[in-house]
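# Structure at a glance
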Amino acid sequence: MDYEAADDASPMATLIPLASISQQPYVSELLSFTLDRLHKEPELLRVDAERIRRQMQEVAVNNYRAFISAADALLAIREEVSSVDKHLESLINEIPKLTSGCTEFIESAEQILEERKMNQTLLANHSTLLDLLEIPQLMDTFRGLDTVVDTLGMGSNFSVFQELCVRNGNYDEALDLEAFVCKLSTMHPKLPVIQALAAEVRQTTQSLLHQLLQKLRSNILLPDCLRIIGYLRRIGVFSEFEMRLQFLRCREAWLSGILDDLDQKNAYDYLKGMVACQRTHLFDVVNQYRAIFADDTSGSEENYDGGLLFSWAMHQITSHLRTLKVMLPKITEGGSLSNIMDQCMYCAMGLGWVGLDFRGLLPSLFEEAVLNLFSKNMSTAVDNFQLVLDSHRWVPLPVVGFPSGSVGEETQDDVTPPSYLMEHPPLAVFVNGVSAAMNELRPCAPVSLKAVLAQELIKKLQAVSNSLLRYNASRMLRENESLLFLSLCRAFIEVAYPHCATCFGRCYPGGAALILDAKNLYGGIGSLLAASTSRVLPKPVAIAEEKTDLVTENGDDLPKEDENGAVSETEQAQNGEVDEEEEKNNLSSLTEKPANDE
């Protein structure tokens, strides 16, 4: 029956989903149970499960440390396994680099092996190289290149030795060393030591070249110039034309340095120094160039400078004239202007010995400077006249007059302003300005500017005349003030105007006629005086007599009238307490007298 039950259980086991291989025994046992036993089986299973659970709890309680350690160990093992996995991946990635590193190591080892062989060869030839690279005490006790070659048998530390030669000015020895090293470099083009030595020598040669050019930029004489040009030719850096150009550039730099050292704040001193520099040094440079680079007549292009010296000299002369044009207007004294003109003429005449006579280019520059100076002084005179006229108070002043003998006894050549002008301060100021302008014009009056300067003077006199007309038209004068104004206008026509013409005649013979012929310039004032003939005008005191005694034909001085002493002189005339000698002293304080012509 059990067999049958087992047979029955086999197909049933196939139908039960839990009947796995591990559960077959239990399933077979269940099929053998009776019905009552099957009813009791769940309870029994529950009791067994409870018992097993209690046992598991007891085991867990009793062995909890082991469980915790096992869990920690499991976690650590997982982490370590992950780390090992990562390291294995990085190791796999680094294996190619390791392979390449090993290859490089093999190559470097081979290179080191080659260097070791070279070092062994160097050690075997140590004594020979020592003789080549060392020169004991040679730098301090130079005995010439032949001594060096005889001592060593061949070149050694030539770059240091050559540099010492350059520093001490032994240019011949330095160039001999340079030639010797070039010969070694040609004989041994594949030896690195020789090529490195040649490179150092070339660098020292550049320093030598710079030093030689720097010497050309200093104050040296012809023998030194010849010696330096000879060294430059031995170096062979420049062609013949380039060498000539370098010579002129260096000498020009030296000349420019001298001019830069001059003080440009004082135009007169600067121009004197510049002209002296051009006269001496430019002459020397041209002579040095011609002595060093003497052109032959063979027609060789190498010995022909193509007009280089002429172009350079013209550049210097042009620069000189340009500086004169800029600086001459800054000179405010006629004597200084005349002195500079004389020095420039002397400089041009001296340079004429080397074909650089530029005297024909100077007159236009100085004529322009003279015209500007005269125009500036005359404009100042007109401006001062206008200022004094605008602020003048029309108050009658006592008549001022000097005995004619007192002035004539002092000098017979003076052109003294008429004392009558002291009664009219605006005219006195204007005559002062005209006299100052004439004083500055006399030492440097170009004959070619006679007509131009006459027109300039006429223009300023016309400006004074127009200023008087404008003053009369714009001012409301009382009768007594109008009489004084008309008296000033008459003094301008009869006294100031002829005196200005006479002063101009002292600078230019026959120049007074040019001024006196322009009588139309005071036509407006003449009309104003003609319209006022009904009024009684004060007449000048002994004007004709003063003009006869004071205005001479051969007078050299053009003094200026001063308004500051007019009141004091009048008081002395009123009190009658001034003797003849005091009148002379007061007259000399009222006038400015320039130096006579040389």
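Please read all numbers here as calculations on a predicted model, not as lab measurements.

Broken down by element type, the protein carries 24 helices and two strands. In the protein, which comprises 598 residues, the share counted as buried stands at 37%. Sequence-distant contacts in the protein: of pairs separated by 6 or more residues, those separated by 24 or more amount to 75%. Taken as a whole, the protein presents about 34,900 Å² of accessible surface, with 55% of it coming from carbon and sulfur.

Together, V84, L88, L91 and I95 make up a nonpolar patch on the protein surface, roughly 350 Å² of accessible area in all. In this fold, L88 is placed in helix α4 (residues 64-124). Of the residues examined, L88 reaches a relative accessible area of 46% and is grouped as partly exposed.

Moving on, we get to the nonpolar core. Ranked by size, the top nonpolar core spans 109 residues in total, and within it L328 and L468 carry the most contacts. Ranked by the residues each element gives to this core, the list is headed by helix α19 (residues 479-507), at 16 residues. With sequence-adjacent residues up to four places away left out, L468 is seen in contact with F385, L389, F485, L488, C489, F492 and I525.

Next up on the list: α19. Between its terminal C-alpha atoms α19 stretches 41 Å, which fits the 42 Å expected from 29 residues at 1.5 Å a residue. The largest bend along α19 measures about 40° and falls at F492. The buried fraction of α19 amounts to 23 of the 29 residues, a majority that puts the element mostly inside the structure.

Time to look at the packing of aromatic side chains. How two aromatic rings sit relative to each other is set out by the distance from centre to centre and by the angle between their planes. Under the counting rule described, the total for this entry stands at eight aromatic pairs. With a centroid separation of 6.3 Å and 40° between ring planes, the pair formed by F247 and Y289 is classed as tilted. Pair noted here: F247 is in helix α11 (residues 240-260) and Y289 is in helix α12 (residues 267-292), with a separation of 42 residues, a long-range link. A relative accessible area of 0% means that F247 is categorised as buried. A relative accessible area of 2% means that Y289 is categorised as buried. Taking NZ or CZ as reference, R37 lies 4.2 Å from the ring centre of F33, over its face.

In this section: the pattern of salt bridges. Overall, the coordinates contain 14 salt bridges when judged by the stated rule. One salt bridge connects E94 with K97, and the closest N-O pair in it is separated by 3.8 Å. Of the two residues, E94 and K97 both sit in helix α4, three residues apart, roughly one turn of that helix. Of the residues examined, E94 reaches a relative accessible area of 39% and is grouped as partly exposed. Judged by its relative accessible area of 54%, K97 is exposed. Across the pair D224 and R227 runs a salt bridge whose closest N-O atoms are separated by 2.4 Å. Taken as a pair, D224 and R227 lie in helix α10 (residues 222-235) at a separation of three residues, close to a single helical turn.

Let us now look at a negative patch on the surface. Residues E104, E107, E110, E114 and E115 make up a contiguous surface patch of negative charge. Structurally, E115 can be placed in helix α4.

Another point: the side chain of R251. Looking at where R251 falls in the secondary structure, it is placed in helix α11. No salt bridge forms around the buried R251; measuring N to O, its nearest opposite-charge neighbour D284 is 7.3 Å away. Beyond its immediate sequence surroundings of up to four residues, R251 is in contact with L216, S218, I220, V285 and Q288.

Our next topic: helix α3 (residues 35-62). Along its 28 residues, α3 runs 41 Å from first to last C-alpha, staying within 8% of the 40 Å computed at 1.5 Å per residue. At E41, α3 is deflected by roughly 35°, the largest bend along its length, and proline P42 occurs up to four residues later in sequence.

Looking now at the packing of helix α18 (residues 450-474) against α19. If you want to describe how two helices pack, look at the angle between their axes and the distance between the axes. Following both chains from N to C, one finds α18 and α19 inclined at 175°, their axes separated by 12 Å at the closest point. By the angle between their axes, α18 is roughly antiparallel relative to α19. Residues K450, L453, A454, L457, L461, V464, S465, L468, Y471 and N472 of α18 pack against F485, L488, C489, F492, Y497, C500 and F504 of α19. Grouping the constituent residues of the contact of α18 with α19 by class yields 14 nonpolar, two polar and one charged.

Turning our eyes to something else, we now look at the packing of α10 against α12. Where α10 contacts α12, the two axes come as close as 10 Å, and the packing angle between them is 45°. The orientation of α10 relative to α12 falls into the category oblique. For the pair α10 and α12, the sense of crossing is right-handed. Together, L222, C225, L226, I229 and R233 of α10 and Q288, A291 and I292 of α12 make up the contact between the two elements. Across the contact of α10 with α12, the residue classes tally to six nonpolar, one polar and one charged.

This next bit is on the environment of I229. Note on placement: I229 falls in helix α10. Under the relative-accessibility criterion, I229 is labelled buried at 1%. Each C-alpha atom, one on I229 and one on L216, is 9.2 Å from the other, the two residues being 13 residues apart in sequence. Discounting chain neighbours no more than four positions away, the residues touching I229 are L216, M243, F247, I292 and F293.

Time to look at the environment of V395. For V395, the location among the structural elements is in the loop between α15 (362-391) and α16 (404-410). C-alpha separation for the pair V395 and E423, spaced 28 residues apart in sequence, amounts to 9.8 Å.

Another aspect to go through is the confidence of the model for the protein. In the predicted model, the protein carries a mean pLDDT of 75, and the fraction of residues at 70 or more is 73%. Low pLDDT, under 50, characterises residues 534-598; the predicted model gives this stretch 132 contacts beyond four residues in sequence or across chains.

Okay, the state of the cysteines next. Within this structure, the stated rule accounts for zero disulfides. The thiol of C444 is unpaired, and the distance to the nearest cysteine sulfur, on C507, comes to 9.3 Å.

Scoring rules and cut-offs
Residues numbered from 1 in each chain as written. Predicted model: local features only at pLDDT ≥ 70, side-chain atom pairs only at ≥ 80, totals over all residues. Heavy atoms only, no water. Helix = DSSP H or I, 4+ residues; strand = E, 2+ residues; numbered from the N terminus. Buried < 20%, exposed > 50% of the residue type's maximum accessible area, 1.4 Å probe, protein only. Contact = heavy atoms within 4.5 Å. Areas by Shrake-Rupley, 256 points an atom, 1.4 Å probe, with all protein chains shown as cover. Patch = residues over 30% accessible without salt bridge, like charges linked within 9 Å, V, L, I, M, F, W, Y side chains within 5 Å. Salt bridge = Lys/Arg side-chain N within 4 Å of Asp/Glu carboxyl O. Core = buried A, V, L, I, M, F, W, Y, C linked by side-chain atoms within 4.5 Å. Expected span 1.5 Å × (residues − 1). Bend = angle between axes of the 7 residues up to and from the residue. Phe/Tyr/Trp six-rings, centres within 6.5 Å; stacked < 30°, edge-to-face > 60°. Lys NZ or Arg CZ within 6 Å of the ring centre and 35° of its normal. Lys, Arg positive; Asp, Glu negative; His and termini not counted. Charge placed at Lys NZ, Arg CZ, Asp CG, Glu CD. Axes fitted to C-alpha atoms, helices over the stretch in contact; angles between N-to-C directions. Parallel < 35°, antiparallel > 145°, perpendicular 65-115°, else oblique. Nonpolar A, V, L, I, M, F, W, Y, C, P; charged D, E, K, R; others polar. Left-handed = near helix turned anticlockwise from the far one by under 90°. pLDDT = per-residue confidence, 0-100. Disulfide = S-S within 2.5 Å.

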